[in-house]
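# Close look at the chain arrangement
Listed here are the chains, written in short residue letters.
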Amino acid sequence: MADYVNYNDLYEITSQYIKKEESQNLIRRAYDVANKLHDGQYRKSGEPYIIHPFQVACILATLHVGPATLVAGLLHDVVEDTSYTYEDVVRDFGKDIADMVDGVTKVGQLKFSSLEQKQAENHQHMLLAMGKDIRVIIVKLADRLHNIRTLGALPHEKQERIARETLEIYAPLAHKLGMFRIKAELEDTSLKYVDNAMYNKISNQIKNDSSVRIQNVDHTIDEIKKLLEPYNFENIQIKGRIKNIYSIYKKMVTQNKSFEDIYDVLAIRVIVDSIADCYQVLGIIHANYTPIPKRFKDYIAVPKPNMYQSLHTTVISNDGFTFEVQIRTFEMDKVAEYGVAAHWAYKENVEYSKEKEQFEIASKLKWYGELIKFSEEEEKPTESKDFVDTIKEDILQANVYVYTPTGEVIDLPKGATPLDFAYKIHTNLGNKTVGAIVNNHIVPLDYELKTGDIISIKTNKNSFGPSENWLNIAKTSHARHKIKSFLNKQNRDILIEEGKKNLDIEFKNNKISNYDLTDEFLEKFQKNNINSIDDLYLEIAKGNLSSKTVVSKYQGEDIRVVDEAISKQIEKNQKILTTNSDTGVVVEGLTSPQLKLGSCCNPIPGDPIVGYVTKGFGIVVHHINCTNLKNFQRERLIDVSWATNIDRKYPVSIKIYAKSNMNLLLDIMNTISANNMSILAINASSTPNLETIVKLKVMCPNSIELEKMIVNMKKIKYIYNIERDNL
Ligand code: MN
């Protein structure tokens, strides 16, 4: 065997925490298999290939992972790069390890149309595998860390691509897992390849920073040491801390600050034994320096979503210089550096259960639970790019932390609004949202949430649901996806309703009052891709199929004959209309009935209607849902229908519920005139809880136009709900 790598180097680390002989034998066996399989393969640097999996295993060992994860690290490239298959790994090392190796292995066999697509497919494969087993991503991060350390040997173009991919997906993953050490190294090394000039500039500035700042920090550390001395803390560590280069770079670029402006480049960290000690140290610091208001954060009581715990405070020194102090226990310090790896470090003699570990991690790391849920969701995006983008945007970049009224932390991406919050909690909550209250103030739905906000969502059972402009307000892919599917379904429902009305009218015009569309009949439309009665209505509403054709097929008649019948019918209706106070309503068998539209329910063309024969006023036409109908005598109800070619407008009453706003009435009136309607009456009243109810009577040609106008009206931000009055 080659002695390019010394197995003892790995053993030295693993033997510190893996004592069982059978575990050590397993690792040794995996090392030998990998060594043999990669024999004769070389890296771009010219070194034997085995160096790579070996170093990956060493990185994993410093994280104190268990034997199975170490074996997966040693074997992680064998399926991709050698003749050894997944089945071989199952046979020699078991399914558990084989699945980990498979999760890290790239999707190879498929042909990709582009590099982007290939990358997206691989990310999706990895994220899905990670949702099943967190150890996959630990191995992948160790793999990426060694690759980025040795990126120098690759051609420039490839270096930059790998560095960008690392910044986009692997560093955020490490961050979300609380693995600060690995995250910082991934970021800083990647920056070297992505923006070499800035990398050199910042690292030189850190090295050569001879400003008073460093002296001040050294001086202040001494000062604090003296301050704490009399309290006899048993174990205490005080050190200056240097931010990672990439986070300084990001602040300089995104906040457009100069290096000198970033005053927290240097900070002081105090590490003690217990939580009680942490608060005592905080008390001593605050008693001796002036704390800056609102800069104190208690991440011990409320940990960050990546499990980070610490007390943070920014104080002013006696020389008037500002610095940050972080106070934490040794245990917290380990979690702050190694995150999930420290929290779930391998424990010998405790039987390992993947299911138990997955469950524990999902309950500690909320986003990981979301990833698992999202991976299993049926409605998830089908394109791998959309899948990966959703995870990147909604989960990995979700670094704004807000609270529910019960104190639950919800993480959202920057720019997220109350709608994103509502949909993240539950789809039904999102769909019924009419307003939001943030920190006890009513805010518009497009309010940008900030870390620390406490949000409660105002809902209304009768809400018409999301409107088109919610797509401009929602920032997360998750919320947008849910809004889109609601709108698609709603549009479909409206169209089905419209198609049914069309067909009803056509049947009535042909003197068919009760029609029954059987499955057998629907078969005649199979070539139109119609498989259900809803499909039929839908195609009619879309204009792909005429209701005339349907009726003529129903009657078994030739279309031309029917056309003639229809034009005769229309002619007749027109005659009726001209002789009858133009209500637009037709009554079978009567050439000049005395007709009136009910002023209670104000029916308009397209509405389902019924006539009521009164004593003395002739026939009064009501909407079928009119609240007065239940008091009427059934035997006096008669069939009536709308004429097909009505050219007039009708009064219709609607009721609007809205958040009180100066521009409300103006916006409503603009919407009405933009929809070519005119106002007959308007009346607004306010309720004590800042709600306004507007009663509106407009002139409107038919129910389809009304529906369109209401869709537009719903785009007015502060409107919660709209309904037809008296129905
Ligand atoms: Mn590798």
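Everything below is about the structure shown above.
Residues numbered from 1 in each chain as written. Predicted model: local features only at pLDDT ≥ 70, side-chain atom pairs only at ≥ 80, totals over all residues. Heavy atoms only, no water.

Helix α19 (residues 366-376) packs onto helix α8 (residues 115-132) with a crossing angle of 115° between their chain directions and a minimal axis gap of 9 Å. Compared by their axis directions, α8 and α19 come out roughly perpendicular. Of the two elements, α8 crosses α19, and the hand of that crossing is left-handed. From α8, L127, L128, M130, G131 and K132 reach across to α19, where they touch W367, Y368, L371, I372 and S375. A breakdown of the residues in the contact of α8 with α19 according to their chemical character gives seven nonpolar, two polar and one charged. (Axes fitted to C-alpha atoms, helices over the stretch in contact; angles between N-to-C directions. Helix = DSSP H or I, 4+ residues; strand = E, 2+ residues; numbered from the N terminus. Parallel < 35°, antiparallel > 145°, perpendicular 65-115°, else oblique. Left-handed = near helix turned anticlockwise from the far one by under 90°. Contact = heavy atoms within 4.5 Å. Nonpolar A, V, L, I, M, F, W, Y, C, P; charged D, E, K, R; others polar.)

This next bit is on the pattern of salt bridges. Between side chains of opposite charge, a pair can form when the charged atoms approach closely. Across all of its chains, the model carries 28 salt bridges by this definition. Notably, a salt bridge pairs K183 with E187, separated by 3.8 Å at the nearest N-O pair. On the criterion of helical spacing, the pair formed by K183 and E187 is a turn pair, its members being four residues apart in helix α11 (residues 180-194). The exposure classification of K183 matches that of E187, with both residues buried. (Salt bridge = Lys/Arg side-chain N within 4 Å of Asp/Glu carboxyl O. Buried < 20%, exposed > 50% of the residue type's maximum accessible area, 1.4 Å probe, protein only.)

Another point: empty space enclosed by the protein. Across all of its chains, the model carries three cavities of 30 Å³ or more by this definition. Size it by volume and the largest cavity reaches roughly 140 Å³. Lining the largest cavity are 16 residues, and of these G465, S467, W470, K714 and I719 sit closest to its centre. Taken together, the elements giving at least two residues each to the lining of the largest cavity come down to β9 (433-438), α23 (470-473) and β21 (719-724). Across the lining of the largest cavity, the residue classes tally to eight nonpolar, five polar and three charged. In this structure, the second largest cavity encloses a volume near 50 Å³. Residue lining of the second largest cavity: V434, G435, V443, P444, L445, K659, K717, Y718 and Y720, and that is the complete set. (1 Å grid on protein atoms, 1.4 Å probe; cavity = no way out; pocket = protein on both sides within 12 Å on 5 of 7 lines; lining within 4 Å. Points joined across faces, edges and corners; volume = space filled by probe spheres on them.)

Moving on, we get to a positive patch on the surface. A surface patch of positive charge is lined by K44, K118, K158 and R161. Relative to the helices and strands, K158 is located in helix α10 (residues 156-176). (Patch = residues over 30% accessible without salt bridge, like charges linked within 9 Å, V, L, I, M, F, W, Y side chains within 5 Å. Areas by Shrake-Rupley, 256 points an atom, 1.4 Å probe, with all protein chains shown as cover. Lys, Arg positive; Asp, Glu negative; His and termini not counted. Charge placed at Lys NZ, Arg CZ, Asp CG, Glu CD.)

So, on to the coordination of the manganese ion. Summarising the metal site, the manganese ion is bound by the protein donors H52 (NE2), H76 (NE2), D77 (OD) and D143 (OD), whose distances to it range over 2.1 to 2.5 Å. Sequence spacing of the donors to the manganese ion: H-x23-H-D-x65-D. A single burial state applies to H76 and to D77, both of which are buried. (Donors = N, O, S within 2.8 Å, 3.2 Å for Na, K, Ca; no water.)

Looking now at the sheet that holds strand β16 (residues 637-638). Strand order in the open sheet formed by four strands is β13-β15-β14-β16, with mixed pairing between adjacent strands. Pairing within the sheet leaves two strands with one partner each, and these edge strands are β13 (595-597) and β16. Summarising the sheet, β13 and strand β15 (residues 619-623) pair through three bridges and their orientation is parallel. Paired with L595 across the bridge in β15 is I619. (Pairing = 2+ DSSP bridges.)

Read these as layout, nothing more, since geometry by itself doesn't imply function.
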